[in-house]
Amino acid sequence: PQRGTVRVLGESPGRVQRRIGYVPQDARIDLATPANVLDVVLMGRLGASSWGCRFGGDDVNVAMAALEQTQTADLAGQPIARLSGGQRQRVLIARALAADARMLLLDEPTAGVDAHIERGLTDLLHQLSERMPIVLVSHDISFISRHLKRVACLNHRLTCHAAHDVSELSLIHI
């Protein structure tokens, strides 16, 4: 910053990076890899596991709890390659939660999913937002104005709005 400080969860960004769960728009998971859903979620525990690349019972319990939160526990043994796009997004959110995230960053979480799946993801994000901050990037103005509290629009300058104001201001700032 030119002046001031940046704080994330009340601390400097470097001190909290392990507490931020990132969910990419399109995970670069090689679908030919024979990993199942539980394996993918356990990857979120790599930094937290005292076993290095091996996972203990506590890690599996945390991963299963994250799958429960995202309503995908029934998929734990399924190959990741067999999942739909919406199921895969939920699993990636579970992976972030398994890393003991205190904040979620999501890149276009509803890109490429149909309206029914989008509603389910939206419900999940609403539930998670009750206990942690969620920051997401989206170009979908209707999604933003219906579901979020605050919006930061970036187009050569950063402008913040209440979400209900975005539909009126989006033509000006985006």
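Residues numbered from 1 in each chain as written. Predicted model: local features only at pLDDT ≥ 70, side-chain atom pairs only at ≥ 80, totals over all residues. Heavy atoms only, no water.

A few words on the nonpolar core. Membership of the largest hydrophobic core comes to 32 residues, with the highest contact counts inside it found for V37, V41, L67, I93 and L104. Elements that contribute at least two residues to this core include exactly helix 2 (37-42), helix 3 (57-69), helix 4 (85-98), strand 2 (103-107) and helix 5 (115-129). No other element matches the 7 residues that helix 4 contributes to this core. Leave out the neighbours within four places in its chain, and V41 touches A63, A66, L67, V91, A94, R95 and A98. (Core = buried A, V, L, I, M, F, W, Y, C linked by side-chain atoms within 4.5 Å. Buried < 20%, exposed > 50% of the residue type's maximum accessible area, 1.4 Å probe, protein only. Helix = DSSP H or I, 4+ residues; strand = E, 2+ residues; numbered from the N terminus. Contact = heavy atoms within 4.5 Å.)

When the terminal C-alpha atoms of helix 4 are compared, their 20 Å separation across 14 residues agrees well with the 20 Å that a helix rising 1.5 Å per residue should span. For helix 4, the buried fraction is high: 11 of the 14 residues fall into the buried class. Every buried residue of helix 4 is listed here: G86, R88, Q89, R90, V91, L92, I93, A94, A96, L97 and A98. Once helix 4 finishes, D100 follows within two positions and takes phi at roughly 65°, a positive value. (Expected span 1.5 Å × (residues − 1).)

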